[in-house]
Amino acid sequence: MFSIIKKGIFIGTLGISTLFFAQTVKVHSHNDYEQKAPFWYALGSGANSIEADVFLVNNQLYVSHEDKDIQKGKTFESLYLEPLNKALELNMIHQESLHILIDIKTDAKTTLAVIVKSIQKYPKIVTQNKVVFVISGNQPKPEEYSSYPEFIMFDYQKLDNLTPGQWKKVALLSLNFKQYSVWNGKGGLMEDDLPKVIEVIKKAKSFGKPFRFWAIPDGKTSWEFFAHNGVDFINTDHPKECVEYINNLKSRTFTNTVFSEVYQPKFSYLKKNVPVKNVILLIGDGNGLSQISSSVLANKGQLTLTQLKTIGLIKTTATDNFTTDSAAGATAFATGKKTKNRFIGVDSGGKLIPNITEILSKKGFSTGIITTDEIVGATPSAFYAHQKDRGMETEIAQDLTQSKLTFFAAGGKSKVSGLSNFEIANNAEEVGKSNADNLAFYLSENGVPHVLKGRGNLLAETVDNSLKFLKSKKKPFFMMVEGAQIDSGGHSNNVGTIVTEGIDFDRAITKAIQFADRNPGTLVVITADHETGGFSIPHGDMKTNTIEGDFTTDDHSATLIPVFSYGSGSENFAGVYENNEIFHKILKALKLN
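Remember, it's a predicted structure, so these values are computed and weren't measured experimentally.

S.K.: Tell me about the UniProt feature "binding site: Mg(2+)" (unreviewed entry) in the protein, and name the residues and values.
M.R.: Per the UniProt record, "binding site: Mg(2+)" (unreviewed entry) is found at D285, T379 and E482. A maximum C-alpha distance of 8.1 Å is found for the annotated residues, which run over 198 residues; spatially they form one tight group. Within the secondary structure, T379 is located in helix α13 (residues 378–381). There is a polar contact of 3.5 Å between the side chain of T379 and the side chain of D285. With respect to the helices, strands and loops of the structure, E482 is situated in strand β19 (residues 477–483).

This is how it looks when you write it as structure tokens:
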């Protein structure tokens with residue numbers, strides 16, 4: 001189930017067969033009586049098994065971890081049977097089945113006899129078919145199992161075989177994990193322990209009963225390991241967190257089938273002193289370092305992006321907020337001034353600021369925009385529009401008709417009218433062959449489909465052909481390319497969207513780097529406006545191109561954002577600086593600042 005990378009480390013193989021376990025694994029609330037609200041907290045969390053350690057003292061069943069900690073009033077009846085009966089009356093047990101695991105700490109037979117009598121006081125508990133009492137700890141011999149009522153089952157703690165009749169009374173097979181490994185749940189099992197653990201799980205499951213380890217490390221890494229290796233019940237002191245993790249594990253795990261062919265840049269510009277003529281600014285919306293990492297790892301460990309050598313970091317705060325949105329972030333790139341969230345091409349006071357396409361068009365440059373968003377989206381509009389709110393789509397679309405753009409390609413055709421000064425291309429190939437003065441190519445009527453929804457290689461093909469179109473003008477040019485839907489994956493907490501949109505963005509980056517190699521004097525800058533989702537990558541498998549992601553938010557975060565650069569002038573983009581410095585560094589590279 002797992003691939004050993006080196007001694008002491010594993011990476012989980014999250015393929016189809018192992019995902020089955022993630023779908024069926026259940027959570028066992030270990031030492032449940034130590035929770036602030038015993039029984040109710042585990043039940044509300046969705047745990048399928050709840051544990052109570054029981055001592056028989058003076059014919060009374062007490063719940064406690066040790067006999068010295070027994071407290072008056074904390075009885076098995078008050079903490080578990082009465083709440084269980086109430087939950088059944090109120091139809092509050094939504095689990096398909098619920099184990100009450102009773103770990104007997106005193107004499108097996110006498111204690112179990114009192115347990116049976118206590119349960120029989122509650123007819124609703126006895127007659128329903130949702131709850132099973134599973135006896136663990138001290139218990140009768142297997143040959144005595146059948147003498148107990150139907151509602152009493154057993155937690156068998158050996159790998160010895162039983163008779164068919166005895167197996168019928170076994171609800172669970174449990175083993176002490178520490179007998180097989182001293183793993184603390186961090187990193188991975190040691191190389192020597194891993195096969196032993198896998199083998200004992202296989203052996204235990206061969207009996208056809210649900211399997212549980214007890215005394216396991218208790219955290220997300222261990223939960224992931226046990227879930228993907230056939231353990232049916234996961235022991236935890238954190239039932240709510242564990243249930244949430246297990247229930248979301250499948251949706252947070254993605255196996256990639258979309259790839260970017262990695263291009264090896266020539267770096268010939270390092271040996272030449274060619275002035276910068278053309279600038280290609282690529283913005284991966286929401287594309288933080290973890291998003292980039294997920295695409296790298298799902299693309300067999302490399303991207304064209306990761307071949308680049310000059311890397312910087314930008315700080316992204318807006319003037320009115322700790323975290324920026326795309327409008328303020330793109331405005332900082334396009335105008336050189338930080339502004340408020342939602343503002344497009346205006347400063348914090350709402351005053352219009354010239355953007356880079358307007359400035360460069362006056363200097364004889366051709367200018368272009370490509371995005372997988374609608375053309376009136378926040379990032380593209382910051383490069384041609386001036387409005388006090390990104391939601392003012394009608395006004396933004398009107399600004400487009402007055403813009404100085406030479407070319408744009410985007411979705412959102414239905415949002416634009418009166419674009420009489422632009423010829424319309426019907427496909428990417430027409431863009432590359434066009435000799436129009438001003439050209440537009442609509443990728444869609446409304447929103448542009450995700451890669452996972454069939455967009456194909458449209459972004460890279462559009463970038464390739466738009467560069468041919470702009471080059472044919474025989475003028476220097478500036479083009480902004482946005483991979484917009486990495487951000488969508490972050491907002492929706494969708495790992496597959498993040499991975500595939502990031503890889504698709506790299507295919508566009510490849511076209512830009514190849515163009516720079518063929519056309520000396522081209523500067524390529526690659527960055528993001530912000531990170532989205534508080535995304536992290538706890539587990540995965542490079543052999544199967546599989547990523548497990550996790551999220552802290554469905555909004556933006558303020559983490560620093562990488563800046564990669566290539567070509568003449570790229571040295572200006574190293575270091576750590578504010579996002580609005582991108583604008584000034586581009587103009588400096590063009591010797592216009």
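Here the narrative resumes.
S.K.: Explain the pairing of strand β15 (residues 366–374) to me, using residue names and the numbers behind them.
M.R.: The element β15 is extensively covered by neighbouring structure, given that eight of its nine residues are classed as buried. Relative to strand β16 (residues 407–411), β15 runs parallel, the two being bridged by four bridges. Looking at β16, one finds that I370 is bridged to A409.

S.K.: If you had to explain the sheet that holds strand β12 (residues 253–255) to someone new, which residues and values would you point to?
M.R.: Taken in spatial order, the three strands line up as β12-β23-β22 in an open sheet, and their pairing is antiparallel. Each end of this open sheet is capped by a strand with a single partner; those strands are β12 and β22 (536–541). For this sheet, the mean inter-axis angle between neighbouring strands, taken without regard to orientation, is 25 degrees. Both β12 and strand β23 (residues 546–550) contribute to a ladder of three bridges, which runs antiparallel.

S.K.: Quick rundown of the nonpolar core? Include the residues and the values.
M.R.: Among the nonpolar cores identified, the biggest contains 70 residues, and F76, L84, I100, F133, I152 and F213 are the most heavily contacted of them. The element best represented in this core is helix α3 (residues 76–89), accounting for seven residues. Apart from residues no more than four positions distant in its own chain, F76 is found in contact with A52, V54, L61, V63, L81, I100, I102 and F133. Listed in part, the 47 residues of the second largest apolar core include I314, Y384, L400 and F422.

S.K.: Please give an account of the packing of aromatic side chains that cites residues and values.
M.R.: Scanning all chains against the criterion turns up 26 aromatic pairs. Between F211 and F213, the aromatic rings sit 4.8 Å apart at their centres with planes inclined by 75 degrees, giving edge-to-face as the arrangement. Comparing F211 with F213, the two get one shared label, buried. Grouping aromatic residues by their ring pairs yields a cluster made of F177, Y180, W183, F211, F213, F225 and F226. Of note, K309 hangs over the ring of F267, and the distance from its end group to the ring centre comes to 4.2 Å. Seen from the ring of Y577, K585 lies directly overhead, with NZ or CZ sitting 4.4 Å from the centre.

S.K.: Explain the UniProt feature "active site" (unreviewed entry) in the protein to me, using residue names and the numbers behind them.
M.R.: Mapped onto the present numbering, the UniProt feature "active site" (unreviewed entry) falls on S326. Among the secondary structure elements, S326 is positioned in helix α11 (residues 326–335). With sequence-adjacent residues up to four places away left out, S326 is seen in contact with D285, A378, T379, R390, D529, H530 and H556. For S326, the side chain forms a polar contact with the side chain of D285, separated by 3.1 Å.

S.K.: So what about unusual backbone geometry? Which residues, and what values?
M.R.: Both trends apply: most residues other than glycine have a negative phi, and most peptide bonds are in trans. Even without glycine at this site, A215 takes up a positive phi of about 60 degrees. Residue placement: A215 occurs in the loop between β10 (211–214) and α8 (220–227). With relative accessibility at 29%, the residue A215 sits in the partly exposed group. Within the chain, K591 stands out as a residue other than glycine whose phi angle is a positive 60 degrees.

S.K.: Before we move on, can you summarise the confidence of the model for the protein with the specific residues and values?
M.R.: For any part of a model where pLDDT is low, the fine detail of the predicted coordinates should not be relied upon. In this model, the protein carries an average pLDDT of 94, and 96% of its residues clear a pLDDT of 70 or more. Across residues 1–23, confidence stays below pLDDT 50; counting only partners more than four residues off in sequence or on other chains, it has 70 contacts.

S.K.: Kindly report on the environment of V231, identifying the contributing residues and their values.
M.R.: Inspection of the secondary structure assignment puts V231 in the loop between α8 and β11 (233–236). Residue V231 is classed as buried on the basis of its relative accessible area of 2%. Expressed as a C-alpha distance, the spacing of V231 and G329, which sit 98 residues apart in the sequence, is 46 Å.

S.K.: Tell me about helix α9 (residues 239–249), residues and numbers included.
M.R.: An α-helical turn contains 3.6 residues, so any two residues separated by three or four positions project in the same direction. Where α9 is concerned, the buried positions are P239, C242, V243, Y245, I246 and L249. Taken around the axis of α9, the buried residues stretch over an arc of 165 degrees, which confines them to a single face.

S.K.: Go over the sheet that holds strand β14 (residues 310–315), please, and point to the residues and values.
M.R.: One open sheet holds the ten strands; their spatial order is β17-β18-β16-β15-β19-β13-β20-β25-β14-β26, and the pairing between them is mixed. Strands with a single pairing partner mark the edges of an open sheet, and in this sheet they are β17 (423–425) and β26 (575–578). Taking the axes of each pair of neighbouring strands and ignoring which way they run, one obtains an average angle of 20 degrees across the sheet. Taken together, the four bridges between β16 and strand β18 (residues 439–442) define a ladder with parallel strand orientation.

S.K.: An account of the environment of P149 is needed here, citing residue identities and associated values.
M.R.: Relative to the helices and strands, P149 resides in the loop between β7 (131–137) and β8 (152–156). Of the residues examined, P149 reaches a relative accessible area of 23% and is grouped as partly exposed. Separated by 436 residues in sequence, P149 and K585 place their C-alpha atoms 79 Å apart. What P149 contacts, discounting residues up to four positions off in sequence, is V116, Q120 and K169.

S.K.: Any details on α8? Residues and values, ideally.
M.R.: Within α8, six of the eight residues are buried, which leaves it mostly tucked inside the rest of the structure. By the burial criterion, the buried members of α8 are S222, W223, E224, F225, F226 and A227.

S.K.: Residue-level account of the pattern of salt bridges, with values.
M.R.: One pass over the full model with this rule turns up 21 salt bridges. Note that E144 is salt-bridged to K109, the shortest N-O span being 3.3 Å. Taken as a pair, E144 in the loop between β7 and β8 and K109 in helix α4 (residues 108–120) lie far apart in primary sequence, 35 residues in all. Judged by its relative accessible area of 23%, E144 falls in the partly exposed class. For K109, a relative accessible area of 47% translates into the label partly exposed. The partner of R507 in a salt bridge is D504, with the nearest N and O atoms 2.8 Å apart. Taken together, the positions of R507 and D504, both in helix α18 (residues 495–518) and three residues apart, correspond to about one turn of that helix. By the burial criterion, R507 is buried, and D504 matches it. Overlapping salt bridges bring together R455, E501, D504 and R507 as one network.

What counts and what doesn't
- Residues numbered from 1 in each chain as written.
- Predicted model: local features only at pLDDT ≥ 70, side-chain atom pairs only at ≥ 80, totals over all residues.
- Heavy atoms only, no water.
- UniProt positions renumbered as here; feature names shortened; annotations may be inferred.
- Helix = DSSP H or I, 4+ residues; strand = E, 2+ residues; numbered from the N terminus.
- Polar contact = N/O pair within 3.5 Å; in protein donor to acceptor, adjacent residues only side chain to side chain.
- Buried < 20%, exposed > 50% of the residue type's maximum accessible area, 1.4 Å probe, protein only.
- Pairing = 2+ DSSP bridges.
- Axes fitted to C-alpha atoms, helices over the stretch in contact; angles between N-to-C directions.
- Core = buried A, V, L, I, M, F, W, Y, C linked by side-chain atoms within 4.5 Å.
- Contact = heavy atoms within 4.5 Å.
- Phe/Tyr/Trp six-rings, centres within 6.5 Å; stacked < 30°, edge-to-face > 60°.
- Lys NZ or Arg CZ within 6 Å of the ring centre and 35° of its normal.
- pLDDT = per-residue confidence, 0-100.
- Arc of directions from axis to C-beta.
- Salt bridge = Lys/Arg side-chain N within 4 Å of Asp/Glu carboxyl O.

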